[in-house]
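# Observations on the three-dimensional arrangement
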Amino acid sequence: MQAQPRLIVPEAVTLSVGAVVIGALISVVSMLLSPWLVVGVLLLLGAALLLLRHPIIMCHLVIYGIIFGSSMARGELIPLLVPNEVLLLVSVVLVIVFAIVFRIQRHIPITPLLAVGILTVGTALLPAFTYPLRSRPLAVNELLPLLAPIQYILLCAVFIFIPRDKRQVFSLVQTMLFACTIVAIIGLLQAARVPLVVSLLETWYPTGQTLAAEGVNRVTSTLGSWNTLGTFLMTNLLLVAALYRYQPEQPNPWYRWNTRIMVLTALACLLASGSWASIFGLVLGVSIIARANNIQLRRFAVVLVLIPIAILAVLPLISARLEFQFASGDGSVVPQTLQYRFYVWTEIYIPLIAENPWWGITPTLTDVRFQFAESQYLLLLFRSGVFSLLAHLVWAGMMMGWLRRTIRTGDPLSRAFALLIYVMFINLLLMSLTNPVFTYSGTMDYLWILTGLIICLRGRETLSVANTEAAPMQSIRAAS
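Remember, it's a predicted structure, so these values are computed and weren't measured experimentally.

## Focus: the packing of helix 5 (residues 110–133) against helix 7 (residues 148–161)
The contact between helix 5 and helix 7 brings their axes to 8 Å, and the two run at 150°. Looking at the two axes, helix 5 sits roughly antiparallel to helix 7. Of the residues in helix 7, those touching helix 5 at Val116, Leu119, Thr120, Thr123, Ala124 and Leu125 are Pro149, Ile150 and Ile153. Of the residues belonging to the contact of helix 5 with helix 7, the class tally is seven nonpolar, two polar and no charged.

Written out as structure tokens, the structure is:
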């Protein structure tokens, strides 16, 4: 068993210095400002001490921040930032402090490290440098979307270093599923046109699709986009399928009910979102997972029972959606949305990309006639050029190779996570033809979180083996 983290400095010294600093800080604030501010400082200090003692709480808060804050307008509540980014920054600071105060070690595999480096350089750093070199200075609102991969790397790091054992890792998975249930229930209430829910969504998530959801019979929930919502729900349903054979060390009835409720609500909300790509991705993903785990599809018969119930719950939305897609009267079997995508690509984006295919046109789409590229690949070409697209594909290929090795050699929980992410890469690379899915909040956050959890679990195993092998040699040296 791996030893628990030890304080680098004596605990008594740390507490004494901390008490002196806190007392001095309270005195200064009380004299110069307001007693109420002292209360606020004490609350913040108490929260900081609680998080340092139980840092796993921060991971749970980050998950809830993703579902509630990632789709809010940038700069509306906090200058330049989205609310969930503040939680992420706080958690990164916590990781740094935690790593300094405690001797936290994790083995980081070279393949994902190199793959993430290629992604970061190709899609973030290189475009950020080339635009100014082309006499095109970047504003802050243009630079931040380019640096999104760095945000995901930080998120991954939080979930690499904070979880302590499998029990904490599996509790985080349950929080992810419960968060999905919240998103799905809000989406179903939006589908039922509950005035309070619709009003809250239009106030706090005022995206174009949230405001238009009722008119096109679709739902967005707190993710601000029906395709973003559908992809997120698909991800969570595939996570349940990947964990089908996993047995936690400490079974909990809450886990079973949490999973069942999530599956039922997520299926219904997925149908209400009208995201056909996500529905097909779910079918494809479950098929691959079942084959990889040697599970007969009839094992998922319970889902087949839930599907009719879910369809009945949102039947009016499904009917209206099908009528919208195929009511053009021209006899075409191609859905209207796909026909419109062909028009957007051929008439708007491809001609613009042809002007500078190597380095891209502009980081944002605000000046484009239609501000949605409707394809991950065209978005990368438009925003940062061919080299960016190549870096993205190399990252995906290297990650899939590493995930295949983890599926073969990992422990049951790591294997389940790796299988899910591998399937997600297959789905997302296909879905990228018609949607910029690698920019979708929720889905990408969960993908990076689970990647971090794999590295956390595998890293602890590697270090534990290394420590076990090193122990006899240390004993020989001590004896000599």
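## Topic: the confidence of the model for the chain
Averaged over the chain, the pLDDT score is 81; the fraction of residues at 70 or greater is 76%. Low pLDDT (under 50) marks residues 1–11, which in the prediction has 13 contacts with non-local residues, meaning those over four places away or in another chain. Confidence drops under a pLDDT of 50 for residues 463–480, and excluding neighbours within four residues, the segment shows three contacts in the predicted structure.

## A few points about the packing of aromatic side chains
Scanning the model with the defined rule gives 16 aromatic pairs in all. The structure contains a cluster of three or more aromatic residues connected by ring pairs, namely Tyr152, Trp395, Phe425, Phe438 and Trp448. The residue whose ring lies beneath Arg134 is Tyr131, and the NZ or CZ to ring-centre distance is 4.7 Å. Here the basic side chain of Arg260 rests over the ring of Trp257, its NZ or CZ set 5.1 Å away from the ring centre.

## Here's the deal with helix 3 (residues 56–69)
With 14 residues, helix 3 extends 20 Å from end C-alpha to end C-alpha; this agrees with the ideal 20 Å at 1.5 Å per step. Across the 14 residues of helix 3, 10 count as buried, placing the element largely inside the fold. For helix 3, every residue scored as buried is listed here: Ile56, Met58, Cys59, His60, Val62, Ile63, Gly65, Ile66, Ile67 and Gly69.

## Topic: the packing of helix 3 against helix 8 (residues 166–191)
Following both chains from N to C, one finds helix 3 and helix 8 inclined at 20°, their axes separated by 10 Å at the closest point. Comparing the axis directions of helix 3 and helix 8 gives the class roughly parallel. The interaxial crossing formed by helix 3 with helix 8 has right-handed handedness. Each of Ile56, Cys59, His60, Ile63, Tyr64, Ile67 and Phe68 in helix 3 lies in contact with helix 8, whose residues at this interface are Gln168, Ser171, Leu172, Thr175, Met176, Phe178, Ala179, Ile182, Val183 and Ile186. Looking at the contact of helix 3 with helix 8, its residues break down into 13 nonpolar, four polar and no charged.

## Observations concerning helix 12 (residues 253–273)
Counted at 1.5 Å a residue, the expected span for helix 12 with its 21 residues is 30 Å, and the 30 Å between its end C-alpha atoms agrees. Two residues or fewer past helix 12, Gly274 is found with a positive phi of approximately 70°.

## Structural notes on the environment of Thr222
Counting through the fold element by element, Thr222 comes out in the loop between helix 10 (208–212) and helix 11 (226–242). Classification of Thr222 by relative accessible area gives buried; the value is 3%. Taking the C-alpha atoms as reference, Thr222 lies 6.7 Å from Leu201; in sequence the two are 21 residues apart. Aside from chain neighbours lying at most four places away, what touches Thr222 is Ile67, Phe68, Ser71, Val183, Ile186, Leu201 and Tyr205. Of note is the side chain of Thr222, whose polar atom sits 2.7 Å from the backbone oxygen of Ile67.

Criteria and thresholds
Residues numbered from 1 in each chain as written. Predicted model: local features only at pLDDT ≥ 70, side-chain atom pairs only at ≥ 80, totals over all residues. Heavy atoms only, no water. Axes fitted to C-alpha atoms, helices over the stretch in contact; angles between N-to-C directions. Helix = DSSP H or I, 4+ residues; strand = E, 2+ residues; numbered from the N terminus. Parallel < 35°, antiparallel > 145°, perpendicular 65-115°, else oblique. Contact = heavy atoms within 4.5 Å. Nonpolar A, V, L, I, M, F, W, Y, C, P; charged D, E, K, R; others polar. pLDDT = per-residue confidence, 0-100. Phe/Tyr/Trp six-rings, centres within 6.5 Å; stacked < 30°, edge-to-face > 60°. Lys NZ or Arg CZ within 6 Å of the ring centre and 35° of its normal. Expected span 1.5 Å × (residues − 1). Buried < 20%, exposed > 50% of the residue type's maximum accessible area, 1.4 Å probe, protein only. Left-handed = near helix turned anticlockwise from the far one by under 90°. Polar contact = N/O pair within 3.5 Å; in protein donor to acceptor, adjacent residues only side chain to side chain.

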